Amino acid sequence: MLARVHDLGGHRYATAGVADTRTRRARRPEDRFRIGSITKTFAATVVLHLVADGRLALEDTVERWLPGVVTGNGHDGTTITVRQLLDRTSGAFSHTADQPALSRQESHTPEELVAIAMAHPADFPAGEGWAYSNTNCVLAGMIVERVTGRPLADEIADRLARPLGLTGTSLPRGADPLLPEPHARHYTRLFSPDPDAPVYDVTELEPSPYGAAGGMISTAADLDGFFTALLGGHLLPPEQQREMFTVVPTEGWLPGAAYGLGVSRLTLPSGTEVWGMGGALFGSWSYVYGTREGTHLLAVNVNADWATGPWADPVGIFTDLLEAEFGLGADGGTP
């Protein structure tokens, strides 16, 4: 595990375990790792930039920008809005729930991912529920590329990474499986609950099934810098900031969670509220949450996707960390 705490007194790092089980190298603050669904916050921020620029609207339908793409089995792009893609109320089936379909070929285009989703019934009519579907953000990324005529990776780099000096942050292009140095190895048990399940090294991972929904790479310091700027109101105009942080109830997701536009609010067991996002991918689980104004933040990554002891998975570890750092009576000390 690697953790970085930032508050008014500066920042601190702490680590536990190793980056590489073969060499026993310790984890380092500069290690890169796959951030999974924290990618959604970057993508949503780009969408809201385009809204602020007047190039699209949150109430635009998916059909307007991607005609004929979202249709069939109860999916209807004429009734789904950009807002509903970002707050997960579109009802679109999640393509990552069909692992057999994803396994039929080595790499996928975003269009192919959406086609996998369209082959299944919609979760519910648009606006009539909430579900954590990765297809939502794939569609949002496709809309960004249709509006701008540029790859989403370039928009993230030019609008967010370069202005903020996030030198360890990128969205891989296409099917590039490499994780840039320096990095920790990433280990998975393929989500098996068996404590004796074999462990696989998935440091090299083909990212195209995840893309705009979960394909990005970053560092603890970069995630700290991005969320500090976002929570502090330095990345979006006030109107788009209000839109992003207006939340809806979630169903069957993280305990105590509500969801905005690519960002979430967690209510900790103590009642304290923190804002940010989490991400889970094979071999890498991450959380970045902080106070609403962004002056106190915790970024943490585990280079595995299981936990032992009292925790069922890394979410339990992260919840305890957040409670220790932000809960009532916490003093903001070292992680």
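Refer to the structure printed above.
As the structure is a computational prediction, the values presented were derived from the model and not from experiment.

Thresholds, definitions, all that
- Residues numbered from 1 in each chain as written.
- Predicted model: local features only at pLDDT ≥ 70, side-chain atom pairs only at ≥ 80, totals over all residues.
- Heavy atoms only, no water.
- Helix = DSSP H or I, 4+ residues; strand = E, 2+ residues; numbered from the N terminus.
- Phe/Tyr/Trp six-rings, centres within 6.5 Å; stacked < 30°, edge-to-face > 60°.
- Buried < 20%, exposed > 50% of the residue type's maximum accessible area, 1.4 Å probe, protein only.
- Lys NZ or Arg CZ within 6 Å of the ring centre and 35° of its normal.
- Pairing = 2+ DSSP bridges.
- Contact = heavy atoms within 4.5 Å.
- Axes fitted to C-alpha atoms, helices over the stretch in contact; angles between N-to-C directions.

Visitor: Where do I start with the environment of Ala-44 in this structure?
Guide: Within the secondary structure layout, Ala-44 lies in helix α1 (residues 39–52). Spatially, the C-alpha atoms of Ala-44 and Ala-97 are 22 Å apart, while their sequence positions differ by 53 residues.

Visitor: Is there a simple way to explain the packing of aromatic side chains in this structure?
Guide: Given two aromatic rings, their pairing is described by the distance between the two centres and the angle made by the two planes. According to the stated counting rule, one finds 12 aromatic pairs in the structure shown. Taking the centre distance of 3.9 Å and the plane angle of 10° together, the rings of Phe-42 and Phe-226 count as stacked. Of the two residues, Phe-42 sits in helix α1 while Phe-226 sits in helix α9 (residues 220–231), which places them 184 residues apart along the sequence. Per residue, the accessibility class of Phe-42 equals that of Phe-226, and both read buried. Relative to Trp-285, the ring of Phe-191 has its centre 6.5 Å away and its plane inclined at 50°; by these criteria the two rings are tilted. One end of the pair, Phe-191, is in the loop between β6 (187–188) and β7 (200–201); the other, Trp-285, is in strand β13 (residues 284–290), and 94 residues separate them in sequence. When its relative accessible area of 11% is taken as the criterion, Trp-285 is described as buried. Its end group placed over the ring of Trp-275, Arg-292 keeps NZ or CZ at 5.5 Å from the ring centre.

Visitor: In this structure, what is going on with the sheet that holds strand β9 (residues 248–249)? I would like to understand it.
Guide: Sheet strands line up and pair through hydrogen bonds in the backbone, either parallel or antiparallel. Within the open sheet, the 8 strands sit side by side as β2-β1-β14-β13-β12-β11-β10-β9. Their pairing is antiparallel. Where the open sheet ends on each side, the last strands, each with one partner, are β2 (10–15) and β9. Pairing of β9 with strand β10 (residues 257–259) involves 2 bridges; the strand directions are antiparallel. If you follow Val-248 over to β10, its bridge partner there is Tyr-259. The sheet contacts of α9 involve β1 (2–7), β2, β12 (273–281), β13 and β14 (297–302), and relative to β1 the element is tilted by about 35°.

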